[in-house]
Amino acid sequence: MTNNDMLIKLYDLEFSYDFMDQQEKMGVVIRKPIGPDQSLILAWAEQQFSAKWVGEIQRALNNSPCSCFIAQRDSLLLGIACYDATALGYFGPLGVIDNSRGLGIGRSLTMACLLNMRLSGYGYAIVGMAGNTDFYRKVANAVEIPNSNPGIYQSTMKLKS
Ligand SMILES: CC(C)(COP(=O)(O)OP(=O)(O)OC[C@H]1O[C@@H](n2cnc3c(N)ncnc32)[C@H](O)[C@@H]1OP(=O)(O)O)[C@@H](O)C(=O)NCCC(=O)NCCS
């Protein structure tokens, strides 16, 4: 696996606009978070995924308007997708908790972000160091960008041990 970045042509993407209705029929609400959600989302992201995601998600939450969507059933957070979090024009992080995968939530969160990006005037979305290339190929016709690893991540810092 090369973990190259991937490119999504937002202008070419065929959106099916009923993903929110479909999720709602299964009791899952796709929405933008509001202020009171913030601390819970960050704690959840660290617990379910990784500490690295916390900074990126925080950035998406702090953008105005916020650049992420969450999936929620009752009071449970099931997933999140962000853009303009890693860097401007980048999509991700994207994550759905283990026991809620395979129900279309990942696709719906992705579509919500990509639609929001397109309607905001973006032409392309970039998936940074895409881990799940087949998922992005399937849901968004993403194509790999050759020689793009480590790409924008080449200058990330580490704490001295
Ligand atoms: C990748 C992830 C977000 C998918 O979420 P999900 O809710 O299970 O995905 P969906 O149910 O919406 O799947 C949509 C389609 O993609 C397919 N798909 C899901 N995960 C896939 C994967 N890892 N590889 C290939 N295809 C995948 C599904 O089979 C489905 O296809 P279908 O419409 O033909 O049935 C989830 O597995 C996850 O959170 N993984 C860990 C974090 C991660 O890898 N994030 C993305 C890279 S940073």
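Scroll up to find the structure.
Keep in mind that what you see is a predicted model, and the values were worked out from it rather than measured.

(A) Summary view of the pattern of salt bridges. Tallying each qualifying case throughout the model produces four salt bridges. Between arginine 101 and aspartate 98 there is a salt bridge whose closest N-O contact spans 3.1 Å. The class for aspartate 98 is exposed, based on a relative accessible area of 62%. Two residues, arginine 137 and glutamate 144, come together in a salt bridge whose shortest N-O distance is 3.0 Å. For arginine 137, a relative accessible area of 35% gives the class partly exposed. The structure contains a network of salt bridges with shared partners spanning Asp134, Arg137 and Glu144.

(B) The nonpolar core, seen in detail. Counting 48 residues, the largest nonpolar core has Ile8, Ile57, Ile80, Phe91, Leu109, Leu114 and Tyr136 as its most contacted members. When neighbours within four sequence positions are excluded, isoleucine 80 is seen to be in contact with Ile41, Trp44, Ile57, Cys68, Phe69, Ile70, Pro93, Leu94, Gly95 and Leu109.

(C) Layout of the packing of aromatic side chains. Scanning the model with the defined rule gives seven aromatic pairs in all. Centre to centre, the rings of phenylalanine 15 and tyrosine 17 are 6.3 Å apart; their planes meet at 45°, and the pair counts as tilted. On the accessibility criterion, tyrosine 17 (57% relative accessible area) is exposed. For the ring pair phenylalanine 49 and tryptophan 53, a centre distance of 4.6 Å and an interplane angle of 15° mean the geometry is stacked. Relative accessible area serves as the criterion here: at 23%, phenylalanine 49 is assigned to the partly exposed category. Each member of the aromatic cluster is reached from another via a ring pair, and the members are Trp44, Phe49 and Trp53.

(D) Structural context of the site of the ligand. For the ligand, the set of nearby residues contains 15 residues, the closest of which are Leu94, Val96, Gly102, Gly106 and Arg107. Glycine 102 is positioned with one of its backbone polar atoms (N or O) 2.8 Å from an oxygen atom of the ligand. Taken by itself the ligand offers 900 Å² of open surface, and the protein chains cover 67% of this. Looking at the shell around the ligand, the elements with two or more residues in it are β5 (90-96), α4 (105-120) and α5 (133-140). The leading source of residues in the shell around the ligand is α5, at four residues.

About the thresholds
Residues numbered from 1 in each chain as written. Predicted model: local features only at pLDDT ≥ 70, side-chain atom pairs only at ≥ 80, totals over all residues. Heavy atoms only, no water. Salt bridge = Lys/Arg side-chain N within 4 Å of Asp/Glu carboxyl O. Buried < 20%, exposed > 50% of the residue type's maximum accessible area, 1.4 Å probe, protein only. Core = buried A, V, L, I, M, F, W, Y, C linked by side-chain atoms within 4.5 Å. Contact = heavy atoms within 4.5 Å. Phe/Tyr/Trp six-rings, centres within 6.5 Å; stacked < 30°, edge-to-face > 60°. Near = heavy atom within 4 Å. Polar contact = N/O pair within 3.5 Å; in protein donor to acceptor, adjacent residues only side chain to side chain. Areas by Shrake-Rupley, 256 points an atom, 1.4 Å probe, with all protein chains shown as cover. Helix = DSSP H or I, 4+ residues; strand = E, 2+ residues; numbered from the N terminus.

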